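Architecture and fold: a report
The residues making up each chain are set out below.
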Amino acid sequence: MTDQITLERELVSRAREGDSEAFEDLVRMYQDSLYRYLCRLSGNGEDAMELTQNSFVKAYVSIRRFRGESSFKTYLFRIATNSWKNTIRDRSKRHHVDIEQVSLASAHNPHEEFEQNQERRKFWSLVERLPARQKQALVLRVQEGYPFEEVAKVMGCSTGSAKASYHHAVEKLKLAVTGEDR
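Residues numbered from 1 in each chain as written. Predicted model: local features only at pLDDT ≥ 70, side-chain atom pairs only at ≥ 80, totals over all residues. Heavy atoms only, no water.

**Some words on the overall build of the chain**
What counts is decided by this rule: Under the DSSP-based scheme used, a helix requires at least four consecutive residues in state H or I and a strand at least two consecutive residues in state E, with every element numbered from the N terminus. Only protein chains enter the area calculation, which uses a 1.4 Å probe; residues under 20% of their type maximum are buried, those over 50% are exposed, and those in between are partly exposed. Should any heavy atoms of two residues lie within 4.5 Å, those residues are considered in contact. Areas reported as accessible are Shrake-Rupley estimates using a 1.4 Å probe. Residue values count occlusion only from the protein chains shown.
Regarding its fold elements, the chain presents nine helices and zero strands. Reading the chain from its N terminus to its C terminus gives the helix and strand order α-α-α-α-α-α-α-α-α. In the chain, buried positions account for 41% of the 182 residues. Restricting to contacts in the chain with at least 6 residues of sequence separation, those with at least 24 account for 62%. Accessible area of the chain: about 10400 Å², with a carbon and sulfur share of 47%.

As structure tokens, then:
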């Protein structure tokens, strides 16, 4: 992991100096995990691909402003999260789509493990019903393995708020699995 952190810092430094090959290496490093994250949030592969591309373009354009207070991956996921939120907001204005109804289960996943495992599909179909912030916290924590501090940075909130969103999501999922009502 330390080698990846060192490599990331070196690539970011070179990219900030205008080395486009270094930025391409950053893209290769994170494109799959960013795409999977955005598939889970957006609910479809086409939107996820477009959001992934837009996120990398925004990161490239703003790389000189990246201060390094977090990892580049966290910075990239923050950009992607904001792009996703903007897309949802824009669509809701045009089509009156409730952000809470965005489907996660129908995402085309290039990594077929989700499609092959029935329990995982059931889990993610339950996740789709969660409120957006809870869904986001859960996906960042479970799928991406982020610690709560990084979840909070990506979500743009306090660590306590990220933990609360995650724990509310877990409680709702437990209730859904057991069939209990509160």
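**Some points on the nonpolar core**
Spelled out, the test is: Residues enter a nonpolar core if they are buried and are Ala, Val, Leu, Ile, Met, Phe, Trp, Tyr or Cys, with the set joined through side-chain atoms within 4.5 Å.
Ranked by size, the top nonpolar core spans 47 residues in total, and within it Phe23, Leu26, Leu34, Tyr37, Leu38, Phe72 and Leu140 carry the most contacts. Within the residue set of this core, elements represented by two or more residues are helix 1 (2-16), helix 2 (20-42), helix 3 (45-62), helix 4 (72-95), helix 6 (118-127), helix 7 (132-143), helix 8 (148-155) and helix 9 (159-178). Broken down by element, this core gets its largest block of residues, 11 residues, from helix 2. Excluding its chain neighbours within four sequence positions, the residues that come into contact with Phe23 are Ala15, Phe56, Ala59, Tyr60, Ile63 and Phe72.

**Here we look at the environment of Leu130**
Positionally, Leu130 belongs in the loop between helix 6 and helix 7. Taking the C-alpha atoms as reference, Leu130 lies 9.3 Å from His168; in sequence the two are 38 residues apart.

**Side note on helix 8**
Most of helix 8 is tucked away: six of the eight residues are buried. Buried residues of helix 8: Phe148, Glu150, Val151, Ala152, Val154 and Met155, and no others. Positive phi appears at Gly156, one or two residues downstream of helix 8, with a value of about 75°.

**A word on the confidence of the model for the chain**
In low-pLDDT regions, the fine details of the predicted coordinates are not to be read closely. Going by this rule: A score from 0 to 100, pLDDT tells how confident the predictor is in each residue.
In this model, the chain carries an average pLDDT of 82, and 82% of its residues clear a pLDDT of 70 or more. Helix 2 holds the highest mean pLDDT among the elements of the chain, 94, whereas helix 5 (residues 113-116) holds the lowest, 45. The low-confidence segment residues 95-115 (pLDDT under 50) makes 48 contacts with residues lying over four places distant or belonging to another chain.

**Here's the deal with the pattern of salt bridges**
A side chain with one charge can pair with a side chain of the opposite charge if their charged atoms come near. The following threshold applies: Salt bridges are defined as contacts in which a side-chain nitrogen from Lys or Arg sits within 4 Å of a carboxyl oxygen from Asp or Glu.
Counted under the stated rule, the structure contains seven salt bridges. Note that Arg14 and Glu10 form a salt bridge whose closest N and O atoms lie 3.5 Å from each other. Of the two residues, Arg14 and Glu10 both sit in helix 1, four residues apart, roughly one turn of that helix. Since its relative accessible area comes to 43%, Glu10 is described here as partly exposed. A salt bridge links Glu171 to Lys174, with the shortest nitrogen-to-oxygen separation between them at 3.7 Å. On the criterion of helical spacing, the pair formed by Glu171 and Lys174 is a turn pair, its members being three residues apart in helix 9. Among the ionic contacts, a cluster of salt bridges with common partners joins Glu10, Arg14 and Asp19.

**So, the side chain of Thr74**
The following threshold applies: By the criterion applied in these results, polar contacts are pairs of N or O atoms within 3.5 Å in which, for protein atoms, one can donate a hydrogen and the other can accept it, and in which residues neighboring in sequence qualify only through two side-chain atoms.
Mapped onto the elements of the fold, Thr74 is located in helix 4. At 3.0 Å, the side chain of Thr74 and the side chain of Ser71 are in polar contact.

**Some details on the environment of Ser158**
Mapped onto the fold, Ser158 is located in the loop between helix 8 and helix 9. With a relative accessible area of 46%, Ser158 lands in the partly exposed category. Taking C-alpha positions, Ser158 is 9.3 Å from Phe148, a pair spaced 10 residues apart along the chain. Side-chain polar atoms of Ser158 contact the backbone nitrogen of Ser161, separated by 3.0 Å.

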